[in-house]
Amino acid sequence: MLASFTGYSVDSSESSMFLSSDDSCEPLRILCYYDIFDESGCLRNVPEGYVRDDSVLGPCLIFNGVRDGFWHGSCLVIVPASMPTQPTFTILNDQEHEVTMQFIGAYRLSNFYRFGIKIRVDKVNPITIQYTINDSYPIYNFRVQSTASMFRWTFWSCNGWSLSVTKNQKQKLGGTNRLWKELMRQHEENPFHCMVGGGDQLYTDLFWSMDIWKPWLKSKSRKEYQNAPFTPEMEQTLDEFFFTHYVNCFFFQTKLGEAMAYIPSAFIVDDHDIFDGWGSYPNHLHNSNVFQGIKRIAFKYWLLFQAHSNEKLAPEHGYFGKEGYSWIKEFGPRVLALGLDTRYERTLSNIVSEETYNMAFGKLSELLRGAKGQYHHLIVFLGGPIVYPRLTFIERTLRAVQALKVHKSCLCSKAGPFKTFNNQFREPELLDDLEDHWTARPHLEERRRFVQRLQELAEWFGVRVTFVSGDVHCCGFGRFDDAHRSRQQNAEGNHRLMYQ
């Protein structure tokens with residue numbers, strides 16, 4: 001999906017940042033809190049397409065699975081703290097249902113409320129559920145499939161533009177909302193029951209251009225990088241940035257907010273939800289106070305906006321992991337889905353901890369054993385593709401450059417002729433991208449073990465395993481298979497055959 005924007009130069013002012021692209025004098029603006037909201041928490045300027053009259057942002061739906069004859073999900077709304085009464089979520093259908101409400105967090109004068117939703121599923125016919133927020137216009141709707149029918153779901157990732165795309169090129173491609181409009185057109189013709197966001201639901205890398213990071217970025221040694229404090233000023237800056245950037249990208253700049261009101265979502269996290277390459281940097285950066293402070297704030301807002309939860313309530317809302325936020329959901333009568341968090345625990349040496357793998361396989365085994373053959377298919381959602389070519393030569397070259405510190409020479413410095421060779425942390429620019437992949441040398445053994453465990457699961461319970469992933473900005477197809485199996489042999493029952 002193409003939406004939002006990244007990679008602009010920054011000119012700071014007291015109340016906001018103005019972002020201008022290289023090919024246009026028209027400024028693009030990242031708004032600060034009081035540019036969007038007034039002193040009561042109400043919208044100061046109503047965004048284009050906003051159809052409410054109560055300053056509520058949302059609704060945003062999340063799908064949590066179908067269990068015991070009920071559809072489970074949630075709805076998020078962000079309301080002004082000055083609202084005299086708590087918000088309401090009202091289902092207009094006669095179908096048996098239950099709605100609960102939780103306050104899950106706040107930023108300044110904006111409060112987050114989560115409505116837990118439980119709806120009886122019809123055994124034969126799909127149901128269009130109609131609902132309102134605060135018993136007022138508009139009337140929203142979403143589709144709940146019958147217990148006898150398969151789900152219709154869609155997948156997208158990377159809700160942002162690549163850095164090299166100019167404003168004119170964006171216009172030639174149809175603009176920021178072209179694909180969102182196409183998604184909604186298809187939904188109107190034949191409704192989706194769920195849309196899966198495969199990571200990078202927004203691009204947050206812009207915060208590195210703020211002045212507050214410049215002293216830290218100029219650190220002269222690895223020890224200085226690692227030990228520098230994550231200051232209260234940094235935390236305050238990031239709190240405001242992440243909140244306003246989510247509001248801007250989800251509700252103002254794109255039609256993602258509209259899609260989330262009508263199609264229940266399921267999200268996994270990837271690096272740009274935190275910042276580019278998270279988890280694939282050297283230890284002196286990854287374990288630094290600054291990086292860990294950024295991670296904490298980024299996941300705080302990922303939980304609020306993308307999981308309708310917070311750190312304390314996440315297990316109650318179906319998320320699991322030694323650390324991090326993986327999930328398992330029932331996509332209809334025959335399909336299980338695993339959304340694996342491949343970022344929270346990621347380091348240069350591992351992508352997911354052994355404890356989290358054990359939890360995931362334990363939960364899957366329990367569900368499959370209890371279902372007694374009901375499930376035929378397991379879909380594994382990953383931030384990056386697990387079937388992917390190895391870029392061995394480039395990987396080795398950049399590691400050698402990093403080890404020899406050649407990139408810090410005059411030739412390859414920021415002022416030199418190869419000024420894009422380094423990133424802002426004075427590391428080889430492409431190395432974090434290569435280290436990110438399952439096929440990078442440090443992750444090959446973990447990848448092998450993960451694939452083998454899935455093949456064993458497929459053999460034990462007779463399910464087909466399919467991978468779906470995003471991140472690489474291109475469409476591809478791959479598979480794992482038995483090297484000794486003839487192409488003429490029947491694929492049915494071959495537990496080693498797994499498509500991506």
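For clarity, every value in this text was computed on a predicted model and none was experimentally measured. (Residues numbered from 1 in each chain as written. Predicted model: local features only at pLDDT ≥ 70, side-chain atom pairs only at ≥ 80, totals over all residues. Heavy atoms only, no water.)

Caption draft 1: Representation of the sheet that holds strand β10 (residues 136-144) in the model. The sheet built from three strands is open, its strands ordered β6-β9-β10 with antiparallel pairing. A strand with exactly one partner marks an edge of an open sheet, and here the two such strands are β6 (89-91) and β10. The sheet shows a mean angle of 30° between the axes of neighbouring strands, direction not considered. With three bridges joining them, β6 and strand β9 (residues 127-133) adopt antiparallel strand pairing. Across the sheet, Thr90 pairs through a bridge with Thr132, a residue of β9. (Pairing = 2+ DSSP bridges. Helix = DSSP H or I, 4+ residues; strand = E, 2+ residues; numbered from the N terminus. Axes fitted to C-alpha atoms, helices over the stretch in contact; angles between N-to-C directions.)

Caption draft 2: Examining unusual backbone geometry more closely. Cis geometry is adopted by the peptide bond preceding Pro59, which originates at Gly58 and carries an omega value of 5°. Residue Pro138 follows Tyr137 across a cis peptide bond; omega there is 0°. Relative to the helices and strands, Pro138 is located in strand β10. Non-glycine residue Arg108 carries a positive phi angle of around 50°. Residue placement: Arg108 occurs in the loop between β7 (97-107) and β8 (110-120). Among the residues examined, Arg108 registers a relative accessible area of 36% and is labelled partly exposed. Positive phi values are uncommon outside glycine, yet Lys372 reaches one of about 55°. For Lys372, the position within the fold is in the loop between α10 (354-371) and β16 (377-382). (Buried < 20%, exposed > 50% of the residue type's maximum accessible area, 1.4 Å probe, protein only.)

Caption draft 3: Molecular detail of the packing of aromatic side chains. Summed over all chains, the structure comprises 60 aromatic pairs. Between Trp156 and Phe267, the aromatic rings sit 6.1 Å apart at their centres with planes inclined by 70°, giving edge-to-face as the arrangement. One end of the pair, Trp156, is in strand β11 (residues 153-156); the other, Phe267, is in strand β13 (residues 265-267), and 111 residues separate them in sequence. Relative to Tyr225, the ring of Trp216 lies with its centre 5.1 Å away and its plane at 75°, an arrangement referred to as edge-to-face. What makes Tyr225 buried here is its relative accessible area of 4%. The ring of Phe70 carries Lys118 above its face, with NZ or CZ at 4.7 Å from the centroid. (Phe/Tyr/Trp six-rings, centres within 6.5 Å; stacked < 30°, edge-to-face > 60°. Lys NZ or Arg CZ within 6 Å of the ring centre and 35° of its normal.)

Caption draft 4: View of the side chain of His286. By the element assignment, His286 lies in helix α8 (residues 283-286). Among the polar contacts listed, one links the side chain of His286 to the backbone oxygen of Arg346, at a separation of 3.4 Å. The contact partners of His286, leaving out residues within four places of it in the chain, are Trp278, Gly279, Tyr281, Phe291, Gln292, Arg346 and Thr347. (Polar contact = N/O pair within 3.5 Å; in protein donor to acceptor, adjacent residues only side chain to side chain. Contact = heavy atoms within 4.5 Å.)

Caption draft 5: Main features of the nonpolar core. One finds Phe207, Trp213 and Phe305 to be the most contacted residues of the largest nonpolar core, which totals 105 residues. Top element by residues in this core is helix α9 (residues 289-307). It accounts for twelve residues. When neighbours within four sequence positions are excluded, Phe207 is seen to be in contact with Trp213, Leu238, Phe241, Phe242, Ile274, Phe275 and Ile294. Among the nonpolar cores identified, the runner-up in size contains 29 residues, and Leu338, Phe361, Ala371 and Ala458 belong to it. (Core = buried A, V, L, I, M, F, W, Y, C linked by side-chain atoms within 4.5 Å.)

Caption draft 6: Here's a closer look at the confidence of the model for the protein. For the protein, the mean per-residue pLDDT works out to 86, and 84% of the residues sit at or above 70. Overall, residues 1-28 carries pLDDT values under 50, and its contacts beyond four positions in sequence, including any with other chains, amount to 82 contacts. Throughout residues 406-420 the model reports pLDDT below 50, and contacts reaching past four residues in sequence, or to other chains, amount to 27 contacts. (pLDDT = per-residue confidence, 0-100.)

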